[in-house]
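Descriptive structure summary
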Amino acid sequence: MKYCYFLSLCYALIISGCTGDSKENDTIYLGGQINNPETDFVVISKENEIIDTLFLDAKNQFGKNYQKLEAGIYTFNHPPESQIMYMEPGDSVLIYLNTLSFDESLNFSGSGSEKSNFLLDMFLKNELNNELILTYYKIAPSEFARITDSIRQQRIDKLNILSEDREFSEEFMEIARASIDYEYFDLRERYTFLINKYRKDFIDQFPKDFNNYRNEIDFNNRELQDYYVYTNFIDDYLRSKAIEYCTKTHNEHKDCYNINSYKNIERRIILIDSLSNIESLKNEFLDRLATQAIVNAEKASRIDSLLRLLKNIEYTHLKDAQELARIQKVYLNGQSLADLWAMNTAGQEMTYGEIIKRPTVTYAWSLYAPAHHRWQHNIIKTLRKKYPQVDFIGVNVDINDREEWLRTLETFGYDKSFEYQIARRKISRDSYRRYLNKLFFVNNDAIIVKGDIQFGNTDFEEELEKFIAQ
């Protein structure tokens with residue numbers, strides 16, 4: 001089937017004029033097929049700006065010629081998943097993927113596809129680094145330095161061999177080399193964090209030049225701003241530098257490693273604002289950090305302090321942060337949910353005071369994050385069996401999408417007796433989606449007991465058992 005698919009797409013390329021001779025023109029062709037699509041479209045973007053939205057046909061295929069696209073990294077998004085690719089004038093790139101295994105099934109073919117396949121291979125190797133780092137942080141710094149030097153050289157050697165065979169452009173080679181460098185930087189940055197937190201007996205064993213890569217960081221690389229290796233490294237660098245600042249200015253170092261604390265987030269905001277001049281790159285971090293600080297805030301004073309900081313640095317999305325702040329001030333510990341409204345599956349609007357009768361955990365979910373809400377509900381299904389004395393209530397945040405909400409409940413077999421949709425709210429749907437990882441522990445009087453819990457927290461069940469015991 002896959003062979004027939006590629007033949008049909010290749011035929012489409014030929015009749016649309018995107019043959020191997022296209023290197024001589026400035027056209028880029030992009031096409032492909034998606035098996036088991038989550039939505040009926042794909043989105044192409046660059047530097048956080050949408051270039052085009054392509055809709056799938058009856059065969060779940062898509063394709064289009066582009067006349068004026070520049071060379072560089074592009075993001076291919078089939079919600080909720082995304083991946084990067086590299087295209088330049090003359091390329092004719094075909095994409096095949098199966099959403100049941102998005103990254104593993106993703107395949108680029110056609111003229112110029114080798115560049116995207118190299119970056120995809122780097123992504124998959126980078127995923128393996130997550131396991132590698134948890135194994136190798138237990139070894140001495142000198143040995144870890146040797147291992148990371150070896151990994152870097154292997155990547156460089158492979159790139160050079162591919163380049164000789166494919167004659168990559170110098171523009172792509174610069175990005176490919178940078179991808180190798182920032183993977184190397186990130187391995188060392190993450191190792192440094194883990195040693196400082198868990199293996200203080202190794203701290204004095206660091207080679208003097210272990211962190212010299214920090215002198216090579218370019219925080220204003222426009223070509224890399226869509227590249228996960230680059231942004232992941234910056235994220236880890238900001239975390240490390242915020243911790244280093246804390247340990248130098250505070251006597252008690254234990255709290256410095258709480259990366260969700262207000263002080264840690266505040267420092268990272270100040271750092272990225274001072275380090276990068278690329279507004280879109282800066283906002284990628286500021287949006288996430290501001291959201292993290294606001295939705296985890298336990299006091300109104302913290303929220304107000306953050307808004308003052310964002311105003312002082314002239315944050316361009318300040319109004320969005322202010323709207324989120326208004327929501328969070330309703331959800332602080334000790335606040336009552338009793339007078340807030342939700343709708344049940346029968347279409348009846350009810351207050352939380354009417355819904356909540358015993359210890360309850362509420363969680364928000366969205367129709368437009370299908371992989372995420374399936375993950376959430378799988379966790380909740382297990383928790384309901386383990387903690388029958390607690391009600392776990394799902395709250396859908398997609399106001400005015402009632403019919404689609406009901407269809408989703410049916411499709412995935414979610415327990416309707418514990419499902420509600422928010423009602424009578426004037427806040428934007430996008431603001432509520434910032435709460436998709438947030439859980440509230442609410443007592444039988446509909447008062448929030450704890451609201452700084454996230455899905456996936458390692459101490460979640462410990463906190464849940466404390467809540468039950470109250």
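Overview of the structure.

1. Structural notes on the overall build of the protein chain
- Along the backbone of the protein chain there are 15 helices and 15 strands.
- Rg of the C-alpha trace for the protein chain: 25 Å, near the compact-globule value of 23 Å for 470 residues, within the 12% margin.
- Counting only C-alpha atoms, the protein chain reaches 70 × 60 × 45 Å along its principal axes.
- Expressed as a percentage of the 470 residues in the protein chain, the buried residues total 51%.
- In the protein chain, the share of contacts with a sequence separation of at least 24, taken over all contacts with a separation of at least 6, comes to 68%.

2. A few points about the pairing of strand E6 (residues 81-87)
- Across the seven residues that make up E6, a large majority, five, are buried.
- Remark: two residues form the turn of the hairpin made by strand E5 (residues 72-78) and E6, two consecutive strands paired antiparallel.

3. Topic: the pairing of strand E13 (residues 419-422)
- Judged by which residues are buried, E13 turns out to be covered on both faces: Glu-419 and Gln-421 on one side and Tyr-420 and Ile-422 on the other are all buried.
- Taken together, the three bridges between strand E9 (residues 341-344) and E13 define a ladder with antiparallel strand orientation. Each bridged residue has a counterpart across the sheet, and for Met-343 the counterpart in E13 is Gln-421.
- As paired strands, strand E12 (residues 391-396) and E13 are joined by three bridges and run parallel to one another. In the sheet register, Val-395 faces E13, and the bridge partner there is Tyr-420.
- With helix H13 (residues 402-412) bridging E12 and the parallel E13, this β-α-β connection has right-handed handedness.

4. Quick look at the sheet that holds E12
- If you trace the seven strands from one edge of the open sheet to the other, you get E10-E9-E13-E12-E11-E14-E15, paired in mixed fashion. Each edge of the open sheet is held by one strand with a lone partner, namely strand E10 (349-351) and strand E15 (448-454). The average undirected angle you get between the axes of adjacent strands in this sheet is 35 degrees.
- The sheet strands contacting H13 are E9, strand E11 (360-365), E12 and E13, and the helix crosses E13 at an angle near 160 degrees.

Cut-off values and rules
The numbering scheme is per chain: residues are counted from 1 as the chain's sequence reads. Confidence filtering applies because this is a predicted model: local features only for residues at pLDDT of at least 70, side-chain atom pairs given and counted only at 80 or more, and all residues used for totals across whole chains, interfaces and linings. Computation of side-chain values covers all heavy atoms of the structure but excludes hydrogens and water. Under the scheme used here, helices are H or I runs from DSSP no shorter than 4 residues and strands are E runs no shorter than 2 residues, and both carry numbers assigned from the N terminus. The globule rule is 2.2 Å times the number of residues to the power 0.38, and the radius of gyration it is compared with is taken over C-alpha atoms. Exposed residues in this analysis have more than 50% of their type's maximum accessible area, buried residues have under 20%, and partly exposed residues fall in between, with area computed by a 1.4 Å probe over protein chains only. Every residue pair with non-hydrogen atoms within 4.5 Å of one another is taken to be in contact. By definition, two strands form a pair when at least two bridges between them are found by DSSP. Note on handedness: a crossover is taken as right-handed if, strands pointing away from the viewer, the path from the first strand over the helix to the second is clockwise. Helix axes use the C-alpha atoms of the stretch in contact, all axes being lines fitted to C-alpha atoms, and the angles between their N-to-C directions lie in the range 0 to 180 degrees.

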